[in-house]
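So the chains spell out like this:
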Amino acid sequence: MRSNIEIAQASDRLREESLSTKEIALDLPPPAVDAPARVDQTGVELKRGAFLNTIAMLASNFRGIFTFLVARLLGPAALGIFSVAWSTTDIISKIGVLGLDSTITTFIARSEAVGNRARSRALFRVAVVLGVVQSIITATIVIVALRFFNNRLHVQPQMVSALALVVCAMPGLALYRISTAISRGMKVMQHDIYSRGMTEPIATTLAFLLALAVGFKESSPEVAAIVGTAASGVIALALASTLFRHVPPQKEVVSTLGEARALLGFAAPISIYQLINAFIARLDLIMLGYFVGRAPGVTLATVGVYSAVVATADGLRKVNQAFNPIFAPVVAGMTATGDHDVAAATYARLAQWMLWILLPLVAVMSLAGGTILLIYGPAFRQGGVWLGIVAFASAFNAFVALGETVIMVQRPRLNLLHSSITCTVAAAGLLLLIPRFGVMGAAFGILLPYVVQAILRYATLRWVFRWKDSWSDIRSPLIAAGIALVPAIVCRAFLGGIVGQVTSATAFLTVFGVHWLRHHTHRKDECP
């Protein structure tokens, strides 16, 4: 009997040692030698997500129809007033959302990584309620403040009236952003196609035409923005809620208050640097609105032209939206399990993909900017040179935003430091350049801070996170762009007008496309 007990005890000890060995193996990061295979596997997931995000991004560009109609039916001055009011609202909305959109993606990705779907559903409910309530409170405070301090703002009365109306879109914005972020945290990217890609532009355009027919006139764009964002938010919420229909009952009670505290604690630094980033992105347009009649050549009409330039160049920022929504949950899961080598390799691959897309778009906007802006009307053609500068700034911002995502999921306070420095540079540069050079000063004033921001993020990834960088990661698209630029400049030098712009852009795309095809074919040949 005693020997049987001893045998059983020895068997238990062996089982415990075996389990302990397995636990240790799970705790250790995967070996580096397997990194290329895991990068390829992750690359498939990223491509699938990026494809869906690209469809959503392209569909969201249909909102350009709304901008086109405002410019054509109401003129550049009305477009300028709405653009300044909407840019200001976009900044203020960051206060209402309080960084919950980025935070909930990270939290749900981590919860899903360990298979805790019940906690994901609890986080979903908490984040939606917090975001909508905070946005309603923030919008109310802004409207009351505008009523009491209207005479002390020293800006155009039309802009104050437009802002007081368009801030009512904030709850819809919060609902859309948080609900879509929840879907992205579950690695479901197609929901954005229906909410932002289809619902928002259709609802906004129809609401604008209806408001114009009813008699809202100059206020029609603001009314349309409220209706469009509300419709987009409701659809995004309905789609996100379908992901939690069949969640089994919770075995453990989830503390709603505890989850709210955890979300807000993590979101606090994120919300501040997101607010600063939004402020930087919109600062050039807002300050132009402030300097109407106070800087050389700055009028409501030129502000409208510049707003069309910004709207066109913002398409380059949206390139990041094709990759960042899927990259955020992927890199959050990798860093949570200690798989930093694969995360770094994935980042390098995405950086190269983005350059292949961004470089030809920047070239086209720089070479044929005046022709592109003719779609808004003949008065907008003067913004061709401004478009080239703002396009380069937007592309630069989109490219370095990948680094922001990497830092956010690990040490978000560093992003706050970077954004604070960048904001100081942006404000100082615009205050110095706009009074002297007008709209051209605004274009260069927004390029400078993005260069500073890129340097800060590169230094953080290189020396704080110890991520290795290689010229080979970005060499191919940069060399292809340099070669393609030669015939484009020659065409632009010898041909003038619309013909010269279109020919130079076509020459660049042709040469660049040939190099991309050769690179793509070479990569496929290298794959086993």
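For every chain, the first residue of its written sequence is number 1, and the numbers climb from 1 along that sequence. Confidence filtering applies because this is a predicted model: local features only for residues at pLDDT of at least 70, side-chain atom pairs given and counted only at 80 or more, and all residues used for totals across whole chains, interfaces and linings. Heavy atoms from the whole structure form the basis of all side-chain values; hydrogens and water molecules are not counted.

Caption draft 1: Structural view of the overall build of the protein. Every helix listed is a DSSP run of H or I at least four residues long, and every strand listed is a run of E at least two residues long, numbered separately from the N terminus. A count of helices and strands for the protein gives 19 helices and zero strands. Of all 528 residues assigned to the protein, the portion counted as buried reaches 52%. A 1.4 Å probe and the Shrake-Rupley method give the accessible areas. Residues count as covered only by the protein chains that appear here. Carbon together with sulfur atoms contributes 66% to the accessible area of the protein, which is approximately 24400 Å² in total. Each residue's exposure class comes from its accessible area (1.4 Å probe, protein chains only) as a fraction of the maximum for that residue type: buried when under 20%, exposed when over 50%, partly exposed otherwise.

Caption draft 2: Structural view of the nonpolar core. One finds Ile104, Ile182, Leu263, Leu288, Tyr306, Phe380 and Ile434 to be the most contacted residues of the largest nonpolar core, which totals 109 residues. Element by element, the count of residues in this core is highest for helix α11 (residues 256-290), at 13 residues. Residue contacts follow a heavy-atom distance rule, with two residues in contact if any of their heavy atoms lie within 4.5 Å. Setting aside anything within four residues of it in sequence, one finds Leu288 in contact with Val298, Val303, Tyr306, Ile434, Gly438, Val439 and Ala442. Here, nonpolar core means buried Ala, Val, Leu, Ile, Met, Phe, Trp, Tyr and Cys residues that are tied together by side-chain atoms lying within 4.5 Å of each other. Leu367, Ala480, Ala481 and Ala484 belong to the second-largest nonpolar core, a separate cluster that totals nine residues.

Caption draft 3: How the structure looks around unusual backbone geometry. If you check the backbone angles, Leu98 has positive phi at about 55° while not being a glycine. On the secondary structure map, Leu98 appears in the loop between α4 (76-97) and α5 (100-113). Backbone geometry at Lys217 places phi at a positive 55°, although glycine is not the residue there. Locating Lys217 in the fold gives a position in the loop between α9 (191-214) and α10 (220-241). A relative accessible area of 58% places Lys217 in the exposed class.

Caption draft 4: The arrangement of the packing of α4 against helix α6 (residues 117-148) in detail. Helix axes are fitted to C-alpha atoms over the stretch in contact, other axes to C-alpha atoms as well, and angles between N-to-C directions run from 0 to 180 degrees. Running from N to C, α4 and α6 cross one another at 135°; their axes reach a closest spacing of 7 Å. Considering the angle they form, α4 stands oblique to α6. Our pair here, α4 against α6, has a crossing hand that is right-handed. Together, Ile92, Ile95, Gly96 and Val97 of α4 and Gly131, Gln134, Ser135, Thr138 and Val142 of α6 make up the contact between the two elements. In this count, Pro and Cys sit with the nonpolar residues alongside Ala, Val, Leu, Ile, Met, Phe, Trp and Tyr, while Asp, Glu, Lys and Arg are called charged and the others, Gly among them, polar. Its residues assigned to classes, the contact of α4 with α6 comprises four nonpolar, five polar and no charged. Here the angle decides the label: under 35 degrees means roughly parallel, over 145 means roughly antiparallel, 65 to 115 means roughly perpendicular, and every other value means oblique. Should the near helix be turned anticlockwise from the far one by less than a right angle, the crossing is termed left-handed; should it be turned clockwise, right-handed.

Caption draft 5: A look at the packing of α5 against α11. Packing of α5 against α11 brings their axes to within 8 Å, and their N-to-C directions diverge by 135°. In terms of their interaxial angle, α5 and α11 are classed as oblique. Remark: the crossing between α5 and α11 carries right-handed chirality. Of the residues in α11, those touching α5 at Leu100, Asp101, Ser102, Thr103, Ile104, Thr106, Phe107 and Arg110 are Ala262, Leu263, Leu264, Phe266, Ala267, Ile270 and Gln274. Residues belonging to the contact of α5 with α11 are distributed by class as follows: nine nonpolar, four polar and two charged.

Caption draft 6: Structural context of the packing of aromatic side chains. Note on ring pairs: Phe, Tyr and Trp rings are taken, using the six-membered ring of Trp, and paired if centres are within 6.5 Å. Classes follow the plane angle, with under 30 degrees stacked, over 60 edge-to-face and the rest tilted. Tallying each qualifying case throughout the model produces ten aromatic pairs. A centroid spacing of 5.5 Å and a plane angle of 45° characterise the contact between Tyr376 and Phe380, whose relative ring orientation is tilted. Here Tyr376 and Phe380 have matching classes, each one buried. Judged by centre distance (5.7 Å) and plane angle (10°), the ring pair of Phe508 and Phe512 falls under stacked. You can see Phe508 and its partner Phe512 sitting in helix α19 (residues 497-526), four residues apart, about one turn around the helix.

Caption draft 7: The arrangement of the pattern of salt bridges in detail. Salt bridges are defined by distance alone: a side-chain nitrogen of Lys or Arg within 4 Å of a carboxyl oxygen of Asp or Glu. Applying the stated rule across the entire model yields three salt bridges. Across the pair Asp90 and Arg282 runs a salt bridge whose closest N-O atoms are separated by 3.4 Å. A residue pair is termed long-range when its members are at least 10 positions apart, and Asp90 in helix α4 and Arg282 in helix α11 qualify at 192 residues. Taken together, the shared-partner salt bridges connect Asp90, Arg177, Arg282 and Asp314 into one network.

Caption draft 8: Quick look at the environment of Ile357. In this structure, Ile357 sits in helix α13 (residues 340-367). Relative accessible area serves as the criterion here: at 34%, Ile357 is assigned to the partly exposed category. Each C-alpha atom, one on Ile357 and one on Pro477, is 9.1 Å from the other, the two residues being 120 residues apart in sequence.

Caption draft 9: Fine view of α5. Here the expected length of a helix is defined as 1.5 Å per residue gap, with one fewer gap than residues. Here α5 contains 14 residues, and its C-alpha end-to-end distance of 19 Å stays within 8% of the 20 Å for a straight helix at 1.5 Å per residue. With eleven of 14 residues buried, α5 is to be regarded as a mostly interior element. Buried residues of α5: Leu100, Asp101, Ser102, Thr103, Ile104, Thr105, Thr106, Phe107, Ile108, Ala109 and Ser111, and no others.

Caption draft 10: Representation of α11 within the structure. End to end, α11 covers just 44 Å across 35 residues, shorter than the expected 51 Å (1.5 Å per residue, more than 12% under). Bend, in this description, refers to the angle at a residue between axes fitted to the seven residues ending there and the seven starting there. At Leu283, α11 shows its largest kink, close to 55°.

Caption draft 11: Fine view of the environment of Gly75. Tracing the sequence through the fold places Gly75 in the loop between α3 (63-74) and α4. Taking the relative accessible area as the measure of exposure, Gly75 reaches 14% and is therefore buried. Considering only alpha carbons, one finds Gly75 and Tyr376, 301 residues apart in sequence, at a separation of 9.2 Å.

Caption draft 12: Region of interest: the confidence of the model for the protein. Note: pLDDT gives the predictor's confidence per residue, expressed from 0 to 100. Taken over all residues, the pLDDT of the protein has a mean of 79, while the share at 70 or more is 78%. In the predicted structure, residues 1-41 sits below a pLDDT of 50 and forms 14 contacts with residues beyond four places in sequence or in another chain.

Caption draft 13: Seen up close, the side chain of Asp101. Residue position: Asp101 is located in helix α5. Here the positive residues are Lys and Arg and the negative ones are Asp and Glu; neither His nor the chain ends is included. One buried charged residue, Asp101, remains without a salt bridge, the closest side chain of opposite sign being Lys94 at 4.9 Å. Not counting chain neighbours up to four residues away, the residues in contact with Asp101 comprise Arg177, Ile178, Ala181 and Gln274.

Caption draft 14: Quick look at a nonpolar patch on the surface. Residues Tyr194, Met198, Ile202, Leu206 and Ile235 make up a contiguous nonpolar surface patch of about 470 Å² in total accessible area. Looking at the nonpolar patch element by element, the count peaks at four residues for α9. Within the secondary structure, Leu206 sits in helix α9. Here Leu206 falls in the exposed class, since its relative accessible area comes to 54%. Any residue with relative accessible area above 30% and no salt bridge may belong to a patch, with like charges joined within 9 Å and the nonpolar Val, Leu, Ile, Met, Phe, Trp and Tyr side chains within 5 Å.

Caption draft 15: Spotlight on the side chain of Thr89. On the secondary structure map, Thr89 appears in helix α4. According to the relative accessible area criterion, Thr89 is buried, its value standing at 0%. Beyond its immediate chain neighbours, meaning those up to four positions away, Thr89 contacts Leu163, Val166, Val167 and Met170.

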